[in-house]
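# Fold and geometry: a report
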Amino acid sequence: MRLMHRRAAVAGPANPLVIVAVVAGLVTCALVAAVAHAGAVENPSAARAVTPGGGVRAERDITWRHVGGDTLTLDAFLPARAASDRPAVLLLHGGGWHAGDKASLDPEAQRLAGLGYDAFSVNYRLAPAHPYPAAVDDVEAAVQWLRDPTQVRHFGLDPHRIGALGSSAGAHLAGMLATLGHGPRDRGARVRAAVSWSGPMGLVD
């Protein structure tokens, strides 16, 4: 497999605050279009809610997909103040496609929520048990799940303004989200913005 595409570059050291600033600017540039529909798997209201502080609340271990006998979960970090039509950011952890967990991006998710974004840190299927393109399929499904009207209402997110931020292997997956598919970037599994944080982008199999 060879993947070649443009990516967002972050100058200087990988400072999470810089990353957050870049994502904040990119995600807010969305245009209004029709809402894309995707089937919800679970009711997120059943998730365990905690309050990490700093004007941010969290709903952890939300089941968002059942696939091939696996159950995938995500953590939602949300501004504490109720609102609607907030831009959303999908956070994708690193780990060489074979390791890692959504909890590793808790600090970035909390910072984004503190800035007024809905942040969703997801687990995806890992190799070698689940080779390519399982992880890509999962992150595409996560975007579709967020755009389902059930999640739009529950989280108060804007389905037209969804971006992705990933680190390492997660950055590769964010890049795949940015370049796969056709048509408007506010429908289906497409995203309006993607940020690669130390992502491997030219792969030769």
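The structure under discussion appears in the preceding block.
Report follows, based on the coordinates. (Residues numbered from 1 in each chain as written. Predicted model: local features only at pLDDT ≥ 70, side-chain atom pairs only at ≥ 80, totals over all residues. Heavy atoms only, no water.)

## Details of helix H2 (residues 106-114)
Residues spaced three or four apart along an α-helix face the same direction, because each turn holds 3.6 residues. Turning to H2, its buried residues number three or more, namely Asp106, Glu108, Ala109, Leu112 and Ala113. Viewed end-on, H2 has its buried residues packed into an arc of 165 degrees, placing them on one side of the element. Glycine 116 lies just past H2 and shows a positive phi near 105 degrees. (Buried < 20%, exposed > 50% of the residue type's maximum accessible area, 1.4 Å probe, protein only. Helix = DSSP H or I, 4+ residues; strand = E, 2+ residues; numbered from the N terminus. Arc of directions from axis to C-beta.)

## Here we look at the pairing of strand E6 (residues 157-167)
Across a regular strand the side chains alternate sides, sitting on one face of the sheet and then on the other. Most of E6 sits out of view: 11 of its 11 residues are buried. Two strands pair when backbone bridges link them, and strand E4 (residues 86-92) and E6 are joined in this way by 6 bridges, in the parallel orientation. What sits directly across from arginine 86, in E6, is leucine 157. Of the strand pairs in this sheet, E6 and strand E7 (residues 193-197) are connected by 5 bridges, and their pairing is parallel. (Pairing = 2+ DSSP bridges.)

## Comments concerning the packing of aromatic side chains
For any pair of aromatic rings, geometry is given as the distance between the ring centres together with the angle between the planes. In this structure the tally under the stated criterion is 2 aromatic pairs. With a centroid separation of 4.9 Å and an interplanar angle of 75 degrees, the aromatic rings of phenylalanine 120 and phenylalanine 155 are classed as edge-to-face. Here phenylalanine 120 is found in strand E5 (residues 118-122), whereas its partner phenylalanine 155 is found in helix H4 (residues 149-155), with 35 residues between them in sequence. Judged on exposure class, the residue phenylalanine 120 and its partner phenylalanine 155 are both buried. Through a chain of ring-to-ring contacts, the aromatic side chains of Phe120, Trp145 and Phe155 assemble into a single cluster. (Phe/Tyr/Trp six-rings, centres within 6.5 Å; stacked < 30°, edge-to-face > 60°.)

## Describing unusual backbone geometry
The omega torsion of the bond from alanine 127 to proline 128 falls at 0 degrees, within 30 degrees of zero and hence cis. Counting through the fold element by element, proline 128 comes out in the loop between E5 and helix H3 (134-147). Of note, the bond from tyrosine 132 into proline 133 is cis; its omega dihedral lies within 30 degrees of zero at 10 degrees. Of note, aspartate 61 is a non-glycine position whose phi angle comes to about 55 degrees, a positive value. By secondary structure assignment, the location of aspartate 61 is in strand E2 (residues 56-67). Of note in the backbone geometry, tryptophan 97 takes a positive phi value of approximately 65 degrees without being a glycine.

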